[in-house]
Amino acid sequence: MNTQEVLAVVAGEKITNADLDAFLQTVPKEQRLYASDPQFRGQYLEQLIAFRSFAKYGEDMKLDETEEFKKIMENMKREVLAQLAINTSLKDVTASNEEAVQYYEANKKRFEKGATVHAKHILVNEEKECQDIYNAIKNGDIAFEDAAKASSTCPSKAQGGDLGEFGKGQMVKEFEDAAFSAEIGVVVGPVKTQFGYHLIKVVDKHEAGAMPFDAVKGQIMNTLVQQKQNQVYTAKLNELKEKYVEK
């Protein structure tokens, strides 16, 4: 995309792709995913044209010479200066790997994860059908995943019945009890729940315990930096109050 391509001209001022991209940074974050969609960009280009047009209209009416405009601009100036000063005060705040390790060791309970299983299942309405599928799998007539794709009524059939990893309390009790007690790779069932009859195949299990440091390092670093920034901000604010606030 040519960022300097002229998309429109309003009162002699060009609007380029770069201008539109900058404008799109002001829209809600979830909408920015569509920033490359031509229709989406076209809609926001119209909005940008409207803003530029009204701004020019306000200029022609000399609204920029009014007291209201001057007060608004003065407040905006203060807000921008304050934010720039805060950013400058905090920009060098960092956390070290050693500090992250120390935090992890001192707060291991915060990073504990309950036991989980990774399982696949086949769901059907009738117990006899479930038993027949179980027998076919046990006899080697069909693979579990192929049976899931062919017979399961659960949307997970598209992934061969794969439900991914889940912990306790995420599935109905009958299913959970069977999954957590099953051996890895051994098909169990039929298991009756309110949804029907299941065959369950556990792919992997993880016991409860603290998550490894590498898995939570990023989270810890963010926490430490935020804590340090809060400390720096408070210290700087107290310093500035002493300097600028009249008592």
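The rules behind these values
- Residues numbered from 1 in each chain as written.
- Predicted model: local features only at pLDDT ≥ 70, side-chain atom pairs only at ≥ 80, totals over all residues.
- Heavy atoms only, no water.
- Helix = DSSP H or I, 4+ residues; strand = E, 2+ residues; numbered from the N terminus.
- Rg over C-alpha atoms; globule rule 2.2 N^0.38 Å.
- Buried < 20%, exposed > 50% of the residue type's maximum accessible area, 1.4 Å probe, protein only.
- Contact = heavy atoms within 4.5 Å.
- Areas by Shrake-Rupley, 256 points an atom, 1.4 Å probe, with all protein chains shown as cover.
- Core = buried A, V, L, I, M, F, W, Y, C linked by side-chain atoms within 4.5 Å.
- Pairing = 2+ DSSP bridges.
- Axes fitted to C-alpha atoms, helices over the stretch in contact; angles between N-to-C directions.

Colleague: Break down the overall build of the protein chain for me, citing the residues and quoting the values.
Modeller: When helices and strands are counted, the protein chain shows 8 helices and 8 strands. The C-alpha atoms of the protein chain give 30 Å as radius of gyration, which overshoots the globular expectation for 247 residues (18 Å, by more than 25%). Here the C-alpha coordinates of the protein chain stretch approximately 85 × 50 × 35 Å along the principal axes. Taking all 247 residues of the protein chain together, 26% fall into the buried category. When contacts within the protein chain are restricted to residue pairs at least 6 apart in sequence, those whose partners lie at least 24 apart make up 60%. Of the accessible surface of the protein chain, which amounts to about 16,900 Å², a share of 52% is contributed by carbon and sulfur atoms.

Colleague: I'd love a proper account of unusual backbone geometry, names of residues and values included.
Modeller: The amide bond that connects Gly189 to the next residue, Pro190, takes the cis arrangement and shows omega of 0 degrees. Structurally, the position occupied by Pro190 is in strand S6 (residues 187-193). Even without being a glycine, Ala11 presents a positive backbone phi close to 55 degrees. Phi angles above zero are rare outside glycine, and Lys62 is one such case at about 60 degrees. With respect to the helices and strands, the residue Lys62 is situated in the loop between helix H2 (38-60) and helix H3 (67-90). In this structure Lys62 comes out as partly exposed when scored by relative accessible area, which is 48%.

Colleague: Account for the nonpolar core, naming residues and giving values.
Modeller: One finds Ile122, Val124, Cys130, Ile133, Tyr134, Ile137, Phe144, Ala147, Ala148, Val187, Tyr197 and Leu199 forming the largest nonpolar core, which totals 12 residues. At the level of secondary structure, the elements contributing two or more residues to this core comprise strand S4 (116-124), helix H5 (127-138), helix H6 (144-151) and strand S7 (196-206). It is H5 that provides the largest number of residues to this core, a total of 4 residues. Leaving out residues up to four positions away in the same chain, Tyr197 has contacts with Ile122, Leu123, Val124, Asn125, Glu126, Glu127, Cys130, Pro190, Val191 and Lys192.

Colleague: Please provide a residue-by-residue account of the environment of Leu81, values included.
Modeller: Residue placement: Leu81 occurs in helix H3. A sequence separation of 74 residues divides Leu81 from Pro155, and the C-alpha atoms of the two residues are 54 Å apart.

Colleague: How would you summarise the sheet that holds S6 if you had to cite specific residues and measurements?
Modeller: Taken in spatial order, the 4 strands line up as S5-S4-S7-S6 in an open sheet, and their pairing is antiparallel. Edge positions in the open sheet fall to strand S5 (162-167) and S6, since each of these has one partner strand only. Averaged over all pairs of adjacent strands, the angle between strand axes in this sheet comes to 40 degrees, irrespective of strand direction. Sheet strands in contact with H5 are S4, S6 and S7, and its direction is about 45 degrees off that of S7. Set on the sheet, H6 makes contact with S4, S6 and S7; between it and S4 the angle comes to about 45 degrees.

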